[in-house]
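Structure at a glance
As a plain string of letters, each chain reads:
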Amino acid sequence: MPKTTKLRTYTIQDGLLDEWVQRWRSEIVPLRLELGFTIGGAWVDRESNRFIWLISYDGPETFAERNALYWSSPERKAMGLNPDDYLVGDDELTIEQVY
């Protein structure tokens, strides 16, 4: 399968941006990496309570198939991390690198 990259932008509830970042770094990132995803970077826009990150997958499955494996994994379920507790909005774009 060709490499798929997603640009994800999350709007975080007021007062929870730092907590979200900490949990994302310590819980989500390690599992994503373990499952073969790559993280191209992450940024915060504190003025707008936004968290922006790049995630890619370049493996034998489609991004959607691998993402489904992530969400159904016992490790993800054990996190007890419900995005709805943090996110008030999200946007996802599939992007292609040209340079």
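First things first, this report covers the structure right here in the doc. Values in this document were obtained by computation on a predicted structure and should not be read as measured data.

Some words on the layout of surface pockets
Approximately 230 Å³ is the volume found for the largest pocket. Every element with two or more residues in the lining of the largest pocket is listed here: strand 1 (4-12), helix 1 (17-34), helix 2 (63-72) and strand 4 (87-95). Lining the second largest pocket, in full, are Lys-3, Thr-5, Thr-38, Gly-40, Leu-54, Ser-56, Ile-95, Glu-96 and Gln-97. Class assignment for the residues of the lining of the second largest pocket results in two nonpolar, five polar and two charged.

Considering the sheet that holds strand 1
Backbone hydrogen bonds are what pair the strands of a sheet, in a parallel or an antiparallel way. Across the sheet, which stays open at both edges, the four strands sit in the order 2-3-1-4 with antiparallel pairing between neighbours. Each edge of the open sheet is held by one strand with a lone partner, namely strand 2 (37-45) and strand 4. Taking the axes of each pair of neighbouring strands and ignoring which way they run, one obtains an average angle of 15 degrees across the sheet. Relative to strand 3 (residues 50-57), strand 1 is paired through eight bridges, and the arrangement is antiparallel.

Brief notes about the packing of helix 1 against helix 2
At a closest axis distance of 11 Å, the pairing of helix 1 and helix 2 adopts a crossing angle of 130 degrees. Between helix 1 and helix 2, the crossing angle belongs to the class labelled oblique. Where helix 1 crosses over helix 2, the two elements pack in a sense that is right-handed. From helix 1, Ile-28, Leu-31 and Arg-32 reach across to helix 2, where they touch Asn-67, Tyr-70 and Trp-71. For the contact of helix 1 with helix 2, a count of residues per class yields four nonpolar, one polar and one charged.

Basis of the calculations
- Residues numbered from 1 in each chain as written.
- Predicted model: local features only at pLDDT ≥ 70, side-chain atom pairs only at ≥ 80, totals over all residues.
- Heavy atoms only, no water.
- 1 Å grid on protein atoms, 1.4 Å probe; cavity = no way out; pocket = protein on both sides within 12 Å on 5 of 7 lines; lining within 4 Å.
- Points joined across faces, edges and corners; volume = space filled by probe spheres on them.
- Helix = DSSP H or I, 4+ residues; strand = E, 2+ residues; numbered from the N terminus.
- Nonpolar A, V, L, I, M, F, W, Y, C, P; charged D, E, K, R; others polar.
- Pairing = 2+ DSSP bridges.
- Axes fitted to C-alpha atoms, helices over the stretch in contact; angles between N-to-C directions.
- Parallel < 35°, antiparallel > 145°, perpendicular 65-115°, else oblique.
- Left-handed = near helix turned anticlockwise from the far one by under 90°.
- Contact = heavy atoms within 4.5 Å.

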